[in-house]
Structures are given as C-alpha cells and as structure tokens.
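What the coordinates show
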Amino acid sequence: MVINMAKRIKSKKPQGMGSKMFDLMNYLLLAVVGFIMFYPMYYVFIVSISSSQFINQGMVNFIPRGINFDAYKAVFANARIWTGYRNTLLYTGLGTLICLVCTSLCAYPLSRKDFYGRSVFTVLIMITMFVNGGLIPTYLVINNLKLINTMWAIVLPPAISTYNMVVMRTSFQAIPDSLVESAYLDGANDITSFTKIVLPLSKPILATMTLFYAVHHWNSYFPAMIYLNDQEKYPVQVLMRDIVVQGDMAGEIAGTVNVIATNYKYAVIIISIVPILLVYPLLQKYFTKGVMVGAVKG
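Residues numbered from 1 in each chain as written. Predicted model: local features only at pLDDT ≥ 70, side-chain atom pairs only at ≥ 80, totals over all residues. Heavy atoms only, no water.

Moving on, we get to the nonpolar core. The biggest cluster of nonpolar side chains holds 20 residues, and the ones touching the most others in it are Y72, V75, Y85, Y264 and V268. Sorting the residues of this core by element identifies helix 4 (70–76), helix 5 (79–111), helix 12 (203–219), helix 14 (236–244) and helix 15 (261–294) as the ones contributing at least two each. At seven residues, the largest contribution of residues to this core is made by helix 15. By size, the runner-up hydrophobic cluster in this structure holds 18 residues, among which are L100, M165, V180 and Y213. (Core = buried A, V, L, I, M, F, W, Y, C linked by side-chain atoms within 4.5 Å. Buried < 20%, exposed > 50% of the residue type's maximum accessible area, 1.4 Å probe, protein only. Helix = DSSP H or I, 4+ residues; strand = E, 2+ residues; numbered from the N terminus.)

Bringing the pattern of salt bridges into the picture now. What the rule picks out here adds up to one salt bridge. Across the pair D114 and R112 runs a salt bridge whose closest N-O atoms are separated by 3.5 Å. According to the relative accessible area criterion, D114 is exposed, its value standing at 56%. On the accessibility criterion, R112 (12% relative accessible area) is buried. (Salt bridge = Lys/Arg side-chain N within 4 Å of Asp/Glu carboxyl O.)

Topologically, S111 is positioned in helix 5. For S111, a relative accessible area of 8% puts it in the buried group. Apart from residues lying up to four places away in sequence, S111 is in contact with R118, R169, F172 and Q173. (Contact = heavy atoms within 4.5 Å.)

In this section: the packing of helix 10 (residues 177–185) against helix 11 (residues 190–198). Orientation of helix 10 relative to helix 11, taken along the N-to-C sense of each, is 130°, at an axis distance of 10 Å. By the angle between their axes, helix 10 is oblique relative to helix 11. Here helix 10 and helix 11 pass one another in a crossing that is right-handed. From helix 10, L179, V180, A183 and Y184 reach across to helix 11, where they touch D190, S193, I197 and V198. Per-class residue counts for the contact of helix 10 with helix 11 are six nonpolar, one polar and one charged. (Axes fitted to C-alpha atoms, helices over the stretch in contact; angles between N-to-C directions. Parallel < 35°, antiparallel > 145°, perpendicular 65-115°, else oblique. Left-handed = near helix turned anticlockwise from the far one by under 90°. Nonpolar A, V, L, I, M, F, W, Y, C, P; charged D, E, K, R; others polar.)

Structural data, given as structure tokens:
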C-alpha cells in the first residue's frame, strides 16, 4: 500500500508556473468574495454588542468596542419578539410540512411514465411559473375562502413551488423503474410504492426541499402584512421590519444604558437570522447531492 502511494506521488506531474498563478488568483478571488459576503453580517454583529459611545463616534469597523450585551437584553425583554418567534416557528414548521407533502404528491405522478397525460399536466403546471393572477385576485381568493387573519393564509398559498416540484420530479425519475415494478409484483399499490420505496430513496432531495421551503417561510413577511390584521399573529420578520425600517421600538430602549437605536436594530437582525442559519449545517451534506440529482435529467 505504501509503495503504491509512493508511485502515485512520483507519477504526479509538478505544477507549472501558470497553474500555480491560476490557483493563487482563484484563492484571492474567493477570499475577496468571501469577505464581501461575510463582512456585512459580521459588522451587524459587532455593532450590536458595542457601546453606544463608540458607535456614535464611528469607531466600530472591524472589532467591537465597549463590548456589552445590553441590546440583546432589551430585545429579549420585548414580549413582542417572543410572540413573533412563536408565530414564525409555527408558520415555518407547518408551512414546510405542507409544502413537502404537496410538492412530493404532485411530483411523483408526473415522474411516472405510465401516468396518462403527464405531459399535458406538466405543461399546465409550468405555465404558472410565468403567468399568475397577481396580488389583488389572490387576495380576493383568500378573502372568499375566509382565510384572512388566520395562519392558513400564510401556509397554504405557497404550498407548491413549481420550480421545486420540477426538481423533485426529476429526482424521482432517477429512481430505477425496476424497483417500483418489483414492488407492484409483490402486491404493492401506488401509495405503498411511494411511501416505502420512492421517499426513502429520496432523502437528499427531500432535505434540499426542506431547506428551500424553510428559508422561504422563515424570511417571508409580505403575506403576513397583507393577510393578518392581529399583531399577535405577526411573525418576527414583520416586527423586525417595523423596528428596522420604521424605527418602531415603542420605548423598548428608553432608559437602557449603552443601548441606542442602531445596535438595538442590529441585535434584532442577528436574533432573527441566527436560527435559520443553524439549519443549513444540519442539511448541508444532502444539499449538493439533492440539487445535482434533481438537475441530471430534464
């Protein structure tokens, strides 16, 4: 084994100057892009834990100054934030589950070659990617269904993403037909084949779709602004918008030492994005594989 490794090392051609320069430029480019993408979030964080004195003087750029967590204490003392978190977790969890169920149930029949008329249905579904009713007709539909000011107005309209459904359908098509046919020979029906064979073999694409839908629901705030009238049902993103954009802090920082509007706003931003950032590492090992499997075939 050691001899074989030595032979491989010897047989490996040394890189020329051009290849080394190319690698160096790639590393530099990736470092610059990484810095551009990472620094805004880093800046928001260091400002949120810096003293108001240094923030007002513009002295917080790369390292926090006068480190304190008073802004986070003020945010967590705000009862509206906790209510918004509870609502966001409910909308994200329930909405993601509904999306996965509806998307997979739509994608599986369209992936079957023996499904009569699947090309017609696929075309009709694809049309929705380019044509939709618009905001006012959608609102009228939600209103006529008596869903205004309910959580169903948030979780039901985005139940299926056409793009995600097409990706999932392509992933299902990659499963060998012989597996499903053998299940039919053993007496399984369509539901059994779907739940016992197709879904267990599709964990990468299911994890990828879970990430896509969870991020969508977690970041969504516009439907809540349109369909919800009760502030007790607002997700945390709507509260974050009121605080960051409109400056509505309702006196939460009044009398709080070392806390000004700027680091209070930034603390709210950090608290709002950290939970969904923690989801990605859990699904990262499935992410690339799921997207690639769904993109192999047309």
